[in-house]
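The lines below spell out each chain.
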Amino acid sequence: MSNNLIEFRNLRTNFYTGSGVVKAVNDVSFSIREGETLCVVGESGCGKSVTAMSLMRLVATPGKIVGGEILYKGEDLLKLKEREMRYLRGNEIAMIFQDPMSSLNPVLTIGHQIAEPLRIHKKLSKQEAKKKSIELIELVGIPRAAKIYDSYPHELSGGMRQRIMIAIALSCDPKLLIADEPTTALDVTIQAQILDLMRDIKKEFNTAIMMITHDLGVVAEMADHVVVMYAGKVIEEAPVHELFNNPKHPYTQGLLKAKPVISNRQDRLYTIPGQVPNPVELGENCYFNDRCEHCMEICVQKQPDLNIYDNKHKAACWLYEKEGK
Amino acid sequence: MKQFLIRRILQMIPTLIGVSIILFSVFSMVPGNFIDSNQTISAERAAELKHIHGLDKPATERYFIWASNALKGDFGYSFQHKVDVTTVIDRYIWNSVLIAAFSMIFTWIIAIFIGVFSAVKKYSLYDGIITFIVFGLMSLPSFFLGLLAIKFIAVDMGWAPVGGMYTTGSSATGFAKVFDLLEHMILPVTVLTALGVGGLTRYFRTSMLDIINQDYIRTARAKGVKESTVIFKHALRNALIPAITLLGFELPALFSGAMITEKIFNWPGIGRVYLDALNYRDYFLLMGYLMFLSFLTVLGNLLADTLYGLVDPRVRLK
Ligand SMILES: Nc1ncnc2c1ncn2[C@@H]1O[C@H](COP(=O)(O)OP(=O)(O)OP(=O)(O)O)[C@@H](O)[C@H]1O
Ligand SMILES: [Mg+2]
């Protein structure tokens, strides 16, 4: 297989809040290969966005990256100077955000916002940047690109704005595209169009994609590889087919059960019992223990490691360890 | 745009008529006038004077006389200054505009910079100190701040003259005269700026704090935009738009004069003249001046809305 483009090694990001330290990303390790689509799934608040923002080094106070490494092409991003990091942002690593309605600056034209990274990173002249911007607007499938270039965000629909966000992200041909729930705020048909667009882009430009979502439908459609997070930790990681056919962690099994299947209609959808633990009061145990139907003595005493099993399948669960048998 | 302007200008008319009625009623309800308060003239002379100035007529009739003259640009006669009200206003108002304009420019520049930086460095030591100073200055009464300024800047340091507009008895002309004027402006402009900078700083700080947390600022950073560009282009532009409205509202403040500050520094401005006119019950001057300010207020509102429409793409007027 191809090389690792990004490698998270024991990343830790904390938030220092009034009520205590929130370990939003707690010892997370996984990697993304060139040209691969990796999906990060997990319940709300499990640290998906913070992982992505740590990669961009845009975690804002009271948050702070407190440990680990993030290797990009073998070089630790956390050691780069701010200026060097800025050179990568929007250029080699680009990001699309969840809410297209608020992600564009209301007082700058669409054209200006697309041209900005081209002017900064590719040092294009005004005319060149304009030409390239109009091409990008066409690329993401918006008609009358020249007119859109001079419009303001409020004149565009949500789907169009998300396409513009994609155009901005693609402007400098990034090696990695981070998409943080790019379709959550959109309705279903637009969602499908945006996902199609991202798939086309991946095929055409061989861009690696780190896709954050809690929609398993999106995962099934897009992912090559899946990382499942729970309370700031990676609890399972596997190629997409392996994960869907053979989920190991009870949490992942619960997630897959919670997904509606049309051929098998039930009166109520399955829900995983209990709630996500309070991120401030986490101890040295398996964070899922109180919601887990297989909970054993060791689960409340010790934290399981993320171990590798057959078929590149990693899981952190005592069920598969000799201590748990 | 043209339609919008015409409609808004027409809407100004009933507002101003309403204001003029209220103004006139208030002043005609106050007992006494300039002639009554003058002890040195005889009763016959007083009655004669009242007749000349129409003060013996009923209030409604007087209102219509006053209002129709006002429409022709004649706001009556100032008993105290013995000339037309418009002449008095014209004579003093520009002195007020001079210091108001300078202090407004300084206030805005200082408030924008302090506000932006204390938002960027929120809760830091810098933010704390600056907020303390700015609010301290804002909450001091103007006479006290004025006296402090006289003591430290004029007397102790000798950097500026204590009061007045030109050095008494000076016959300087040209550049020397302008320089003399500028020197005399130091104290009143400093005091007015210190008084005004607090509110505006707070405004810019809060709106920048709000904007810095917006998603589009995160987008800008994720594009690799320099932090200074993020702040001064992506954020400040958004903060300035609502501030433009404030700028429109400042139009009357530009002409209204600063009563206390002008009094302290013996500055021949309209604010001081107004304060004196109150003591003399020089009603035509008071009414004329207040009417003029009302007009500016309404005009300032229109200006604010128009500017807002010009700068905010979301409400850009068709
Ligand atoms: N600015 C902040 N201040 C304090 N805590 C924060 C902040 N941002 C995130 N957190 C904490 O970090 C944890 C992870 O948040 P994150 O935004 O990564 O969740 P997420 O997995 O992206 O959830 P969602 O699916 O809702 O987007 C949460 O528990 C949250 O409380
Ligand atoms: Mg998120």
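The numbering scheme is per chain: residues are counted from 1 as the chain's sequence reads. Following the order in which they are written, the chains are lettered starting with A and the ligands numbered starting with 1. Only residues with pLDDT of at least 70 get local features here, since the model is predicted, and only at 80 or more are side-chain atom pairs given and counted; chain-wide, interface and lining totals rely on the full set of residues. Calculated side-chain values reflect all of the structure's heavy atoms, with hydrogen atoms and water omitted.

**What about the overall build of chain B?**
The helix count covers DSSP runs of H or I at least four residues long, the strand count covers runs of E at least two residues long, and both are numbered beginning at the N terminus. Within chain B, the regular secondary structure consists of 12 helices and 2 strands. When the elements of chain B are put in sequence order from the N terminus, they spell out α-α-α-β-β-α-α-α-α-α-α-α-α-α. Considering only C-alpha atoms, chain B reaches an extent of 85 × 55 × 40 Å along its principal axes. Note on exposure labels: buried denotes an accessible area under 20% of the residue type's maximum, exposed denotes more than 50%, and partly exposed covers the range between, all computed with a 1.4 Å probe on protein chains only. Buried residues in chain B amount to 43% of all 318 residues. Residue pairs at least 24 apart in sequence account for 72% of intrachain contacts in chain B once pairs closer than 6 positions are excluded. Taken as a whole, chain B presents about 16,800 Å² of accessible surface, with 69% of it coming from carbon and sulfur. Computed over 28 positive and 21 negative side-chain charges, the inter-centroid distance for chain B is 11 Å. Working rule for contacts: check all heavy atoms of both residues, and any pair within 4.5 Å makes them a contact. To be clear on the numbers: accessible area is Shrake-Rupley with a 1.4 Å probe, and residue cover counts the displayed protein chains and nothing else. Here Asp and Glu are counted as negative and Lys and Arg as positive; His is not counted, and neither are the chain ends. Here the site of a charge means atom NZ of a Lys, CZ of an Arg, CG of an Asp or CD of a Glu.

**Brief notes about the sheet that holds strand β3 (residues 37-41) of chain A**
All names here are of chain A. Overall, mixed pairing links the 8 strands, which are arranged β6-β7-β8-β3-β9-β10-β12-β11 in an open sheet. Among the strands making up the open sheet, the edge pair consists of β6 (93-96) and β11 (307-309). For this sheet, the mean inter-axis angle between neighbouring strands, taken without regard to orientation, is 20°. Strand pairing is assigned whenever DSSP identifies at least 2 bridges connecting the two strands. Between the N-to-C directions of two axes lies an angle of 0 to 180 degrees, each axis being a line fitted to C-alpha atoms and, for a helix, fitted only over the stretch in contact.

**Here's the deal with the interface of chain B and chain A**
Counting from both sides, the interface comprises 20 residues of chain B and, opposite them, 26 residues of chain A. Computed with a 1.4 Å rolling probe, the buried area is the accessible surface lost when two parts are put together, summed over both parts. Contact between chain B and chain A buries roughly 2,100 Å² in total, counting both sides, with carbon and sulfur atoms accounting for 61%. Any carboxyl oxygen of Asp or Glu within 4 Å of a side-chain nitrogen of Lys or Arg constitutes a salt bridge here. One can count 2 salt bridges joining chain B with chain A. Counting of polar contacts relies on pairs of N or O atoms within 3.5 Å, with two restrictions inside protein: one atom must be capable of donating a hydrogen and the other of accepting it, and residues adjacent in sequence are counted only when both atoms are side-chain atoms. Counting across the interface, chain B meets chain A through 12 residue pairs in polar contact (both at pLDDT 80 or more). Elements that contribute at least two residues to the side of chain B that touches chain A include exactly α8 (215-222) and α9 (227-256) of chain B. Tallying contributions element by element places α9(B) first for the side of chain B that touches chain A, with 7 residues. Gly falls in the polar group here, along with every residue not listed as nonpolar (Ala, Val, Leu, Ile, Met, Phe, Trp, Tyr, Cys, Pro) or charged (Asp, Glu, Lys, Arg). Taken together, the residues that form the side of chain B that touches chain A break down as 5 nonpolar, 5 polar and 10 charged.

**Some thoughts on the nonpolar core**
Throughout, nonpolar core names a set of buried Ala, Val, Leu, Ile, Met, Phe, Trp, Tyr and Cys residues whose side chains join them through atoms within 4.5 Å. Core analysis: the biggest nonpolar cluster contains 99 residues, and A:Phe30, A:Ile164, A:Leu176 and A:Met210 have the highest contact counts within it. Element by element, the count of residues in this core is highest for helix α6 (residues 158-170) of chain A, at 7 residues.

**What to know about the pairing of strand β7 (residues 176-180) of chain A**
Residue and element names in this part refer to chain A. Burial runs high along β7: 5 of the 5 residues are buried. With burial as the criterion, each face of β7 is covered, one bearing Leu176, Ile178 and Asp180 and the other bearing Leu177 and Ala179. As judged from the 4 bridges shared by β6 and β7, these two strands associate in the parallel manner. Paired with Ile93 across the two strands is Leu176, which belongs to β7. For β7 and strand β8 (residues 208-212), the ladder comprises 5 bridges, and the chain directions are parallel. Each bridged residue has a counterpart across the sheet, and for Leu176 the counterpart in β8 is Ala208. The crossover handedness rule: strands pointing away from the viewer, path from first strand over the helix to second strand clockwise, crossover right-handed. Viewed along the sheet, the connection from β7 through helix α7 (residues 188-205) into β8 turns out right-handed.

**Quick notes on the UniProt feature "domain: ABC transmembrane type-1" (unreviewed entry) in chain B**
UniProt positions are given in the numbering used here, feature names are shortened, and annotations may be inferred rather than shown by experiment. The sites that UniProt annotates as "domain: ABC transmembrane type-1" (unreviewed entry) are residues 93-308 of chain B. The span residues 93-308 of chain B is 82% helical and 0% strand by assignment, and the distance between its end C-alpha atoms comes to 28 Å.

**What about the packing of helix α4 (residues 85-120) of chain B against α9(B)?**
All names here are of chain B. Where α4 meets α9, the axes come as close as 11 Å, and the angle between the chain directions of the two elements is 155°. Relative to α9, α4 is oriented roughly antiparallel. Between α4 and α9 lies a crossing whose hand is right-handed. Of the residues belonging to the contact of α4 with α9, the class tally is 22 nonpolar, 1 polar and 1 charged. Orientation labels follow simple angle bins: below 35 degrees gives roughly parallel, above 145 gives roughly antiparallel, 65 to 115 gives roughly perpendicular, and whatever is left gives oblique. Here is the rule for handedness: rotate from the far helix to the near one, and if that takes an anticlockwise turn smaller than a right angle the crossing is left-handed, while a clockwise turn gives right-handed.

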